[in-house]
Every structure is written in structure tokens, then in C-alpha cells.
Amino acid sequence: MSDYLPQEIEKKWQKYWADHGTFRAADPATDPRPKFYCLTMFPYPSGTLHVGHGRNYIIGDVVARYKLTKGFNVLTPMGWDSFGLPAENAALKNKADPREWTYANIAKMKEQFRVWGVEYDWDREVATCDVPYYKWTQWVFSVLYRRGLAYRKKAPVNWCPSCNTALANEEAAGGMCERCGATVEKRDLPQWFFKITEYAPRLLDDLQLLDQWPETVRTMQANWIGRSEGARVDFKVAPGGTAAPGCAGQPLPVFTTRPDTLWGVTFMSLAPEHPMIPALVAGTPQEKEVLAFVERCRRTSAVDRAAETAEKEGVFTGRYVTNPVNGEQVPLWVANYALMDYGTGAVMAVPAHDQRDFEFAKKYGLEIKVVIQPDGQKEPLRAEDLTAAFVDAGTMVNSGPLTGTPSPSGIPEVIKFLVKQNMGEGTINYRIRDWLISRQRYWGAPIPIVYCDICGEQLVPDEDLPVELPPTAEVDFRPHGESPLAGDKKWVAAGKCPKCGGPARRETDTLAQWLCSCWYYLRYVSPVRPGQPNSQAFRKTEVEQWMPVDQYIGGVEHAVLHLLYSRFIFKVLHDAGHVGAVWPEPFRALFTQGMICKQSSKTGKLEKMSKSKGNVVAPDAIIRQYGADTQRLYTLFIGPPQKDAEWNDSAVAGSSRFLKRVWEQVENSGGMAASGHVVPYAGSGSDLSPNAKALWRRTHQTIKKVTADIETSWQFNTAIAAVMELSNLFADSAPSLAADPHGPAVLRFAAESMIRLLGPIVPHFSEELWEKMGHEGGLIAAGWPSYDEAACREDVVEIPVQVNGKLRSRITVAADSPDDAVRALALADEHVVKSIADATVRKVIIIPNRMVNIVAK
RNA sequence: GCCGGAGUGGCGGAACUGGCAGACGCGCGGGAUUCAAAAUCCCGUUCCCCUUAAAGGAGUGUGGGUUCAAGUCCCUCCUCCGGCACCA
């Protein structure tokens with residue numbers, strides 16, 4: 001007899017796995033096992049992981065262990081997304097070096113993984129802030145640059161005043177900084193962009209390949225990419241209006257999804273940021289007012305501009321534009337509801353058939369012209385009667401040659417007409433914008449570009465990579481709106497023009513951390529091994545052997561950030577021929593786990609576990625008191641892993657209780673090695689007593705259930721519940737089975753099965769018991785238990801008997817009894833007889849082995 | 001507003017393809033053990049009626065429908081969570 005002492009056995013097995021290289025992936029070229037790439041999103045090394053973080057890694061560890069046990073060559077790597085703001089902020093606060101802060105945190109968190117029993121192939125570890133790693137992040141930039149997918153341009157960009165850097169649109173969704181929640185501003189700054197828009201069609205189409213991704217993530221990406229079909233229509237500035245004659249004839253194309261309403265255009269709205277505005281109003285009486293309005297719009301934050309309450313506002317430019325289809329001249333306005341970064345920044349306004357245009361027209365007394373007549377309405381729709389825009393389909397009216405066409409078919413007709421007249425064409429517009437990748441912060445990979453006074457912007461050649469960050473001692477990295485690197489004059493001046501060999505200024509912006517995490521899964525498959533030169537980002541042959549990732553596990557918050565960026569970068573590398581002949585997507589299957597929540601002492605509400613909400617549960621105390629296996633068990637038992645769950649401190653004890661109980665059961669009745677080796681029962685069951693048979697059968701059923709739960713639906717909670725049920729039956733039958741002829745053998749079979757099924761879930765506990773039972777070589781080598789379908793089948797079943805759908809009795813019959821026998825038995829049952837006493841039986845429905853329903857009236 | 005997801009005991013959650021609602025666990029109540037407590041074990045635990053038991057009745061957000069049978073399928077409405085939101 002020995003007590004369950006998690007602290008001792010957990011250390012022992014953690015050492016065992018490390019010593020035996022249990023989680024070291026084998027070379028797929030020589031290993032006969034099928035490969036399985038199990039990837040859990042790597043964390044930002046913020047210092048400590050709480051139990052909420054743990055869920056992610058524990059799930060990944062269970063999957064990796066399960067697949068290993070099933071006989072796969074599993075690759076399960078881990079690393080650190082270690083560039084980014086918190087390191088800098090922490091360093092500023094503590095007057096320390098972000099480098100030191102980061103590596104200290106990495107060491108702490110690595111230890112936390114070890115203590116959890118969450119194991120990885122650490123030989124492949126990467127930290128994105130390692131110089132040998134970011135050398136290749138810079139190379140990825142170069143790949144895009146050389147393919148014309150990276151460019152620098154001055155543009156109004158999202159600026160986070162709190163983080164002091166420009167942000168990508170994806171990081172500023174909803175007008176708030178994704179990291180700190182501050183309201184973003186628009187600033188005109190020269191910034192680096194990746195042409196993700198060029199890949200929009202493929203990023204959208206290939207979502208169809210991702211049938212093992214959650215529907216929500218695919219939908220979010222599809223919405224973000226935002227494809228809409230329509231037409232470009234070439235309006236032109238009309239000669240009329242005030243002054244500035246040079247503008248006349250200038251093209252002002254618009255994008256519309258409703259070319260069928262083209263004859264209903266009564267004005268045009270330009271976005272306040274539209275670049276043609278200054279020229280259009282130069283020297284006109286409207287100039288002052290227009291420019292003042294533009295300035296006011298610019299100062300309004302994106303949040304306020306997009307707010308539901310935001311009033312539509314605009315100002316007339318004094319100019320007119322010509323509608324190409326009918327030659328009509330309509331007034332040109334600047335309006336705050338027109339967006340510069342969608343379409344062309346100019347909107348053809350059809351107030352009769354677009355609600356926004358309608359509101360604007362009503363406010364400023366602009367003309368409203370009906371060109372779509374609702375079907376099934378005799379009276380012509382009159383503009384004066386409209387209280388809202390009529391936006392549905394109908395029949396085109398007052399539309400020149402297309403009058404009378406049903407509006408849905410009118411759309412392609414109008415496009416045909418436009419093309420023929422050379423006035424426009426059918427186009428597809430995407431909502432997604434190019435990806436802003438430059439950051440004005442220190443702790444990131446420098447963008448490998450130099451500026452030569454003679455040759456201009458030049459890419460740093462591959463052989464000169466990495467462009468290393470200067471040591472922190474040289475840099476004042478307090479954020480102040482310009483990249484801190486710019487303050488290190490020596491570093492900036494150290495650039496060399498690759499073309500003329502002369503001195504060149506270095507680019508001082510750094511790359512967004514998102515780029516670092518776009519390719520890390522490729523570095524894992526192809527790490528630099530000791531003694532090897534760091535001469536490639538990754539080797540094509542290894543990429544071909546391991547990619548795609550078979551299972552990716554992480555949080556849904558990355559749906560349109562990391563997961564979209566990674567798909568994009570992978571496709572570019574694919575196109576450039578760097579990853580070889582592999583599937584065009586990096587991640588075959590994606591699992592997004594739910595968050596662990598807890599009541600916040602600050603808000604009083606149920607909130608995602610986080611330091612700022614003051615509701616974190618540290619794993620340390622739990623591990624000290626109960627052991628890591630208890631925490632693992634509870635984390636998996638808490639609920640379906642894809643759903644959010646509330647952490648309940650008192651329920652943790654229940655998980656510990658269960659482990660203790662199983663421990664004692666196995667020690668007392670499992671046939672330990674010390675008490676003489678008992679061979680687990682492997683017969684057909686026909687020689688067993690009823691009690692023994694029940695436990696034997698339940699064991700087979702449990703193996704079946706747990707296998708299905710883990711394999712197909714990741715229902716760890718119900719898998720654990722099934723083992724609990726088996727354990728409960730074990731406890732009930734153990735006393736009587738001790739003296740049963742096959743009793744000890746059946747108990748041994750049940751005990752071994754419980755341990756093996758719990759193996760991936762509570763690995764230290766299971767390994768220890770497995771060893772105590774006299775097995776060598778560990779649970780993974782033992783393989784996953786199999787079950788016998790015939791053994792799962794009950795030979796006696798209890799069938800509920802309903803009368804008119806209400807449960808009245810139960811009968812016990814042999815499994816697969818003929819319907820006639822079941823019917824006779826059911827109708828003879830005393831409870832049934834009573835409830836159909838004064839009625840006649842109309843019908844008896846029998847579902848074999850399941851249900852009898854007697855319809856009586 | 002639009003697009004997803006979800007509403008089941010005191011709580012977390014089970015329920016195959018339409019077939020016994022509430023598995024498993026937490027909590028709670030009762031008991032055993034103990035000088036006492038902790039721990040452990042046993043019994044009970046959807047609600048209503050009932051001293052108890054038996055036997056009933058009601059019950060899966062709302063209201064309707066299909067069916068021998070509905071948590072599950074169809075329609076209506078309500079609530080909550082997530083995402084997007086003046087996208088032309």
C-alpha cells in the first residue's frame with residue numbers, strides 16, 4: 001500500500017519523459033509511423049500562466065499524447081512570440097532591458113509547462129526575438145518585397161496614442177486598439193504595407209478547403225475580406241460650376257453594387273480624405289467651407305464617426321459631375337459617411353434606393369428620383385411619398401434603354417451597357433485593406449531597408465541579414481511617436497547601399513510581431529541543429545514531410561489577425577517556391593478553445609480570466625495541494641472545450657478525490673506486481689459470473705466511449721465521466737469479485753483499462769500506476785486499448801414501456817428479442833394493464849432494445 | 001441593424017440518427033467513523049402534492065405546429081454571448 005503523492009511521482013515522470021526523449025519527433029523519412037503535426041499557438045512570454053491559459057496547452061498535450069499512443073510520429077513543438085510591447089513597457093517601468101525581461105519570463109514559463117506535465121519537443125524551440133530567428137523574419141519581408149508585395153506609402157493610418165505606434169486595420173477593428181483598448185486616431189504617416197489585398201480572392205476561396213476549421217472563424221474571415229460584386233462607373237467632373245476650369249473632365253470613378261439604380265443618381269459624395277478635394281475647390285467660394293469641413297472630419301475619431309448616433313453631414317463643393325449614362329450633371333458633395341478606404345472614396349448617391357443617401361438628401365433638400373418600381377404595386381412609386389429608401393428588387397423605370405428590366409437582371413445588363421459605351425465595367429470590391437506592418441517601437445525586427453541619397457530605397461541583401469537591433473544601452477526607447485531606433489544616430493548611419501556601396505540610412509521602423517508568428521510553424525519542422533549553420537529559414541524537404549499542421553489549437557481572438565496573416569504569408573512563400581509541393585494552406589484542422597472565466601472582484605461580473613480583471617487563479621497553489629494531474633483533470637472535466645467555462649475552486653477537490661479513489665482501487669484490487677502477476681481477463685465473457693461479466697462489459701463499453709469522445713469530438717468531459725462511471729462500478733463489484741473464479745483477472749483488466757484511458761489526461765498518475773502494475777516501457781509504448789464490439793453488447797436489456805407516450809413501466813428482456821415477444825410481455829405487465837384498463841389498444845410501437853409505446857384510446 | 005453561437009435542476013454540464021430528460025461532478029441534506037474536527041465512506045438530492053413510501057402530476061427560454069413519441073425537427077417571439085457595423 002502506498003499513498004498517492006503527486007508531488008513525488010510528477011517530478012519522477014517529468015524527468016522520465018525528458019530523459020527518454022518521449023516527445024522528440026522522429027525523422028519522417030526513416031520512421032514508418034504516419035506523421036502528426038500537433039501545434040498549439042505559442043504564447044507571448046508575459047511571465048506567468050494562469051489556469052485559464054492552461055486549458056489551451058493541456059488540450060494540446062492530451063491530443064499529442066493520444067496520437068503518440070495511437071502510433072503516430074507526433075511533432076509537438078513550442079516556442080515564444082517574444083517581440084512586442086509589454087517587454088518594452090515593463091522594461092521602461094523597471095528601467096531594465098526588454099531582452100532580459102523577455103528571457104527571464106521564457107525561463108519561468110517553460111518551467112510552468114514542465115510542472116503541468118505539458119511536454120514538447122524542446123529541441124525545436126524558437127523565440128521570435130532570437131537573432132537567428134528574426135534574421136529569417138527579415139528574409140520573409142524580403143521575399144515579399146522582391147515579389148512587389150511590400151511597399152511604403154504615406155497614408156492616413158490608425159495610430160494608437162497609448163501604444164505610440166501605427167496599427168494594422170485588423171488591430172484597430174471597431175476603432176479601438178486591439179492590445180490596449182485605446183481609441184485610435186488617424187495620422188498621415190509614411191508606413192510599410194503588405195499587399196494582402198492582392199491575395200484577397202484566394203484567401204476567400206480557399207476557406208472552402210478548411211472544412212476542419214470552426215465555421216465561426218471561416219465566417220469571420222469571409223466577412224473581414226468582404227467580397228462584393230458590382231461595377232465601376234466612370235463619372236467625370238463637369239465643366240459647369242465655379243472656377244478651377246482645369247478640373248473639368250477629370251475622372252471620378254465610383255464603385256456600386258447597384259448599377260441598376262444608375263439612372264437615379266442625384267448627387268455624388270466624396271470622402272473627406274479624397275485626394276482630389278483641394279484641387280476641386282481651389283480658388284472657389286466654397287473652398288474655405290469645404291476645407292474646414294474636411295479638417296473637422298479628420299479630427300473626429302473613427303469611433304465617433306462610425307457611431308450609430310453620428311449625424312450624416314456634408315458640404316457642397318460647388319462642382320458638378322456628369323453621369324455617363326444620361327449625361328446629367330449632378331452636384332458634387334463632400335460627406336462624412338463616404339469612406340476613403342472603401343471602393344474609390346466616391347459614392348454615387350441614389351437617395352430613392354439607398355437609405356444613407358436618402359437621409360442625406362432629405363437633410364440637405366437634394367433631389368430624389370425613383371428608378372426602381374416595386375413589383376406588384378400599380379401606382380408608380382413617387383419620391384415625395386417616400387419615408388425611407390426603397391432598397392428591394394423591382395422593375396427599372398426612368399432608366400433610358402433599360403426601362404422595364406427587372407432590377408436583378410438589370411445589374412448585368414447595365415454592366416454590359418457600361419462596357420459597350422466604355423463608361424465602366426463589372427468589378428469585384430473587397431473590404432480588406434493592405435496590411436500595415438511597420439511599427440514605431442524598439443522591440444521588434446528592424447525592417448531590412450536602407451535609404452541611399454543616390455539610389456534611394458534599397459532592400460538589404462540576404463547575405464547582409466540580420467539587421468540587428470542596437471543594444472538597449474544605445475537607445476532611448478521611450479515611445480514618443482517616432483521609432484526609438486531613429487534616436488540611435490550611429491546605428492541609423494551604419495547602413496550601406498547595396499547598389500553603389502555608399503553610406504545609407506537605415507529604416508528605423510520595426511516589423512509587426514504578427515509577421516514573426518506567420519512562419520514559426522515552418523521553423524519548427526526545420527530547426528537548426530547543433531553544429532549546423534543557420535543558412536536557411538527552413539528546408540523544403542522537411543517542410544514537405546511535415547506540413548500542413550494536422551491540428552492547430554488556439555484562441556478564437558486570432559481569427560482575423562494571426563490566422564489570416566499566416567494564411568497569407570504561407571501562400572506567398574508557396575508561390576515563391578520556398579515550401580515545395582504542399583497543400584496551399586498551413587493549418588489543416590483548427591480547434592478554438594473557449595475561455596476560462598471567473599467572477600471578477602472588480603466588476604462583479606463573470607469575466608475572462610485575466611490579470612487586469614483581478615480574477616486569475618494561479619496554478620501553483622493547486623499543484624502544491626493536489627498535483628498537476630488534478631488541475632489537468634479538472635480543466636478537462638470543466639465542460640466542452642470549445643465553450644467558455646467558469647472556474648469553480650471547490651470543484652477542483654472533486655477531481656482530486658476521483659484520482660485518489662482510482663489509486664486505491666488499483667492498489668487494492670488491480671493485482672499489483674508485488675502481489676503476484678495477474679493476467680488481465682481476455683476471454684469471450686461466456687465463462688464469467690454475472691457480476692464479473694458486468695464489469696468486463698462496462699470496461700469494453702468505456703474504452704469504446706472514451707476513444708470516440710477523444711477521437712471524433714474532443715469531449716474530454718464526457719470521456720472522463722465515462723471513466724468515473726467505470727470506477728464507480730469497479731468499486732461496487734470489487735468486494736464480490738475478489739473470490740470469483742475470474743474475478744481478479746476481470747478486475748485487473750478493468751484497472752489496466754482505466755489507467756490507459758486516463759493516460760493522456762493525467763499522465764503522471766497513470767504512468768506511475770502502470771509501472772506499479774508491473775509494466776515496463778511506459779504507457780505510450782503500450783498503445784491505446786482496443787475494445788471488442790461483441791463484448792460491448794448487453795445480453796439483457798431493460799425497455800421502458802409507455803402508454804400514450806407516458807412512461808408506465810419497464811420490462812426486462814433478452815437483447816434482440818423478437819417484437820412479438822416484447823409486445824406480449826409489455827401488454828401483460830401489471831402497470832400497463834392498469835393504465836389501459838378502460839381503453840382499447842390501437843397500436844403498439846416497438847423500437848428494438850429501446851422502447852415500447854402502446855397507443856390506446 | 002446584419003452574421004454566427006447558445007438558453008436543460010441550487011451550480012458546471014449529460015442525452016446515439018426523434019425513443020426512459022437530468023449521466024458524471026460540484027454543492028446541499030441525512031447517517032457512519034471520531035473525544036471533536038478534517039479527511040473518508042454510505043444514503044438521498046428536478047419541482048409540486050404527500051408524515052414517509054407507493055402512486056400521481058408538471059417539467060429542457062416563450063407561444064404554436066409535425067409525430068405513436070420532441071431538449072432534439074418546423075414556425076413565432078424573448079434573452080444572453082461573440083463578431084461585424086454609414087462597406088456604397
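Residues numbered from 1 in each chain as written. Chains lettered and ligands numbered in written order. Predicted model: local features only at pLDDT ≥ 70, side-chain atom pairs only at ≥ 80, totals over all residues. Heavy atoms only, no water.

Draft legend 1. Structural context of the overall build of chain A. Each helix and strand counted, chain A has 28 helices and 32 strands in total. Seen through its C-alpha atoms, chain A measures out along the principal axes to roughly 110 × 85 × 50 Å. Of the accessible surface of chain A, which amounts to about 36,500 Å², a share of 52% is contributed by carbon and sulfur atoms. (Helix = DSSP H or I, 4+ residues; strand = E, 2+ residues; numbered from the N terminus. Areas by Shrake-Rupley, 256 points an atom, 1.4 Å probe, with all protein chains shown as cover.)

Draft legend 2. How the structure looks around the sheet that holds strand β24 (residues 551-555). Judged by pairing direction, the sheet is parallel, and its four strands sit side by side in the order β2-β1-β24-β25 without closing on themselves. In the strand order of this sheet, the two ends are held by β2 (73-75) and β25 (590-593), each with one partner. In this sheet, adjacent strand axes meet at a mean angle of 20° when their direction is disregarded. Pairing geometry for strand β1 (residues 35-40) and β24, over three bridges, is parallel. Paired with L39 across the two strands is Y552, which belongs to β24. (Pairing = 2+ DSSP bridges. Axes fitted to C-alpha atoms, helices over the stretch in contact; angles between N-to-C directions.)

Draft legend 3. Up close: the packing of helix α20 (residues 649-669) against helix α23 (residues 743-758). Packing of α20 against α23 brings their axes to within 10 Å, and their N-to-C directions diverge by 145°. In this structure, α20 meets α23 at a crossing whose hand is left-handed. Contacts between α20 and α23 pair F658, Q665, V666 and S669 from the former with L747, A751, M754, I755 and L758 from the latter. By residue class, the composition of the contact of α20 with α23 is seven nonpolar, two polar and no charged. (Left-handed = near helix turned anticlockwise from the far one by under 90°. Contact = heavy atoms within 4.5 Å. Nonpolar A, V, L, I, M, F, W, Y, C, P; charged D, E, K, R; others polar.)

Draft legend 4. Here's a closer look at the domain arrangement of chain A. Assigned domains within chain A: domain 1 (137-195 + 434-514), domain 2 (227-430) and domain 3 (796-856). Taking the mean C-alpha position of each, domain 2 and domain 3 sit 72 Å from one another. (Domains from an automatic or database assignment.)

Draft legend 5. Structural view of the protein's contact with RNA strand B. The local shell around RNA strand B holds 51 residues, among which K312, Y342, R356, R810 and R850 are the closest. Among the atoms of RNA strand B lying within 4 Å of the protein, the sugar-phosphate backbone contributes 61%. Side-chain polar atom of R431 to a phosphate oxygen of RNA strand B: 3.2 Å apart, as the coordinates give it. Tallying contributions element by element places helix α22 (residues 716-737) first for the surface near RNA strand B, with six residues. In terms of residue class, the surface near RNA strand B is built from 21 nonpolar, 14 polar and 16 charged. (Near = heavy atom within 4 Å. Polar contact = N/O pair within 3.5 Å; in protein donor to acceptor, adjacent residues only side chain to side chain.)

Draft legend 6. Structural view of the environment of A388. Structurally, A388 can be placed in the loop between β14 (372-373) and β15 (395-396). For the pair A388 and P32, spaced 356 residues apart in the sequence, the C-alpha separation amounts to 68 Å. Beyond its immediate stretch of four places on either side in the chain, A388 contacts Q355 and F358.

Draft legend 7. Layout of the sheet that holds strand β19 (residues 449-452). Pairing is antiparallel across the open sheet formed by four strands, whose spatial order is β20-β19-β22-β21. Pairing within the sheet leaves two strands with one partner each, and these edge strands are β20 (456-459) and β21 (495-496). Against the sheet, helix α5 (residues 131-146) touches β19 and β20, its axis set at about 120° to β20.

Draft legend 8. Structural view of the packing of aromatic side chains. Scanning all chains against the criterion turns up 49 aromatic pairs. Plain terms: the ring middles of F83 and W443 are 5.0 Å apart, the flat faces sit at 80° to each other, and that makes the pair edge-to-face. Taken together, the residues span a long stretch of sequence, with F83 in the loop between β3 (79-80) and α3 (85-94) and W443 in the loop between β18 (438-439) and β19 at a distance of 360 residues. Residue F83 is classed as buried on the basis of its relative accessible area, which comes to 1%. On the basis of relative accessibility, which here comes to 3%, the residue W443 falls in the buried class. Judged by centre distance (6.2 Å) and plane angle (25°), the ring pair of Y442 and W443 falls under stacked. Across the pair, W443 and Y442 agree in class, each one buried. Taken together through their ring pairs, the aromatic side chains of F141, Y145, W192, F194, Y199, W435, W514, Y565 and F568 make up a single cluster. (Phe/Tyr/Trp six-rings, centres within 6.5 Å; stacked < 30°, edge-to-face > 60°. Buried < 20%, exposed > 50% of the residue type's maximum accessible area, 1.4 Å probe, protein only.)

Draft legend 9. Representation of the environment of Q551 in the model. Looking at the secondary structure, you find Q551 in strand β24. Along the primary structure Q551 and F591 are separated by 40 residues, whereas in three dimensions their C-alpha atoms are 7.4 Å apart.

Draft legend 10. Broad picture of the side chain of R319. Within the fold, R319 resides in strand β11 (residues 314-322). Buried charge R319 goes without a salt bridge, the closest partner of opposite sign being E287 at 11 Å. There is a polar contact of 3.5 Å between the side chain of R319 and the backbone oxygen of A238. (Lys, Arg positive; Asp, Glu negative; His and termini not counted. Salt bridge = Lys/Arg side-chain N within 4 Å of Asp/Glu carboxyl O.)

Draft legend 11. Examining the pairing of strand β5 (residues 150-160) more closely. Inspection of the sheet shows β5 paired to strand β7 (residues 185-194) by 10 bridges, in the antiparallel sense. Bridging across to β7, Y151 finds its partner in F193. As paired strands, β5 and strand β6 (residues 165-167) are joined by three bridges and run antiparallel to one another. If you follow C160 over to β6, its bridge partner there is T165.

Draft legend 12. Fine view of the packing of α3 against helix α4 (residues 98-116). At a minimum axis distance of 8 Å, the contact between α3 and α4 shows a crossing angle of 115°. Here α3 lies roughly perpendicular to α4, going by the angle between them. The hand of the α3/α4 crossing is right-handed. Across the interface between the two elements, P86, A87, E88, A90, A91 and N94 of α3 pack against P98, W101 and T102 of α4. (Parallel < 35°, antiparallel > 145°, perpendicular 65-115°, else oblique.)

Draft legend 13. Local environment of the pattern of salt bridges. Evaluation of the coordinates by the stated rule reveals 48 salt bridges. Here K15 ties to D19 by a salt bridge, and the two come within 2.8 Å at their closest N and O atoms. Here D19 and K15 lie together in helix α1 (residues 6-20), a separation of four residues that amounts to about one turn. In this structure K15 comes out as exposed when scored by relative accessible area, which is 53%.

Draft legend 14. Representation of the side chain of D260 within the structure. Among the structural elements, D260 can be located in the loop between β9 (251-256) and β10 (267-270). Given a relative accessible area of 1%, D260 falls into the buried group. Once you skip the residues sitting within four places of it in the chain, D260 turns out to touch I372, M396, S407, G410, I411 and V414.

Draft legend 15. Spotlight on the state of the cysteines. Within this structure, the stated rule accounts for zero disulfides. No disulfide involves C129; its nearest neighbouring cysteine sulfur is the one of C516, lying 9.0 Å away. C500 provides the cysteine sulfur closest to C452, a residue in no disulfide bond, and the two sulfurs are 3.6 Å apart. (Disulfide = S-S within 2.5 Å.)

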